[in-house]
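What follows is each chain in one-letter form.
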Amino acid sequence: MESLVTHFRSVLQTELPGEKAHVEMAPIKRPLPDEARNWKETKLSGVLILLYPHQGRIFTSLMMRPDYGGVHSRQVSFPGGRKEAYDADLRQTALREAHEELNIEPSKVTVLGELSELYIPPSKSLVTPVLGFSHERPDFIADTREVGEIIEADFYQLLHPDSKTSIDVVRADYTLKNVPAYNYNEYVIWGATAMMINEIMWLLPKNV
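Just so it is clear, the structure is predicted and the values come from calculations on it, not from any experiment.

Definitions and limits used
Residues numbered from 1 in each chain as written. Predicted model: local features only at pLDDT ≥ 70, side-chain atom pairs only at ≥ 80, totals over all residues. Heavy atoms only, no water. Salt bridge = Lys/Arg side-chain N within 4 Å of Asp/Glu carboxyl O. Helix = DSSP H or I, 4+ residues; strand = E, 2+ residues; numbered from the N terminus. Buried < 20%, exposed > 50% of the residue type's maximum accessible area, 1.4 Å probe, protein only. Contact = heavy atoms within 4.5 Å. pLDDT = per-residue confidence, 0-100.

**Digging into the pattern of salt bridges**
Working step 1: For the structure on display, the rule yields 14 salt bridges.
Working step 2: Here Arg65 ties to Glu101 by a salt bridge, and the two come within 3.0 Å at their closest N and O atoms. Taken together, the residues span a long stretch of sequence, with Arg65 in the loop between β2 (57-64) and β3 (76-77) and Glu101 in helix α4 (residues 90-102) at a distance of 36 residues.
Working step 3: One salt bridge connects Arg65 with Glu146, and the closest N-O pair in it is separated by 3.7 Å. Pair noted here: Arg65 is in the loop between β2 and β3 and Glu146 is in the loop between β7 (125-133) and β8 (149-154), with a separation of 81 residues, a long-range link.
Working step 4: By relative accessible area, which is 36% here, Glu146 ends up partly exposed.

Right, dumping it as structure tokens:
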């Protein structure tokens, strides 16, 4: 854990791959962050990508959204949401939302930095992924209004190249063919979350 934390703390201070990593897992062509930032309807959001020890390995926490009929129904995501007026910044947004949704205690999270922003067209959200770590596994409790299922993922298994696949995404009014995705223990991860994961993969130490 310590060597990985040191690596990420350093690499997040350099130029990030951003769109070069995102486009590999993007289901459709989407506006770039600099473009979306200028639109009145764009909402700022933050998500937390937390690394923590579990079963002698490094894990991260994801969640499946409930089946609520909305644009992100039954999708796998990192905990997070929209920035509120009382949030000092998007790091605080990510920590607050992770606490509300999964009971991750902000005081036990050390923030390492931020990944590249990306725009999510269906929710009109400009999202900043915040990467952090904890020395202990959180005492997870799901907010059932926001979380259908908590998914604890072995970090290196999730990011293994063999986990990449492609799927057809069927929605009420459209179907997306051959969408890039990650398959983790039969959980299918696509869209913005897959794009974030792919940027992390680009940033991993070369000897992993």
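Next comes the rest of the description.
**So, the side chain of Thr193**
Working step 1: Relative to the helices and strands, Thr193 resides in helix α6 (residues 192-203).
Working step 2: Excluding anything up to four places from it in sequence, Thr193 contacts Leu62, Val76, Ser77 and Phe78.

**Let's talk about the confidence of the model for the chain**
Working step 1: With 95% of its residues at a pLDDT of at least 70, the chain reaches an overall mean of 93.
Working step 2: The weakest mean pLDDT in the chain belongs to strand β9 (residues 164-170) at 89; the strongest belongs to α4 at 98.

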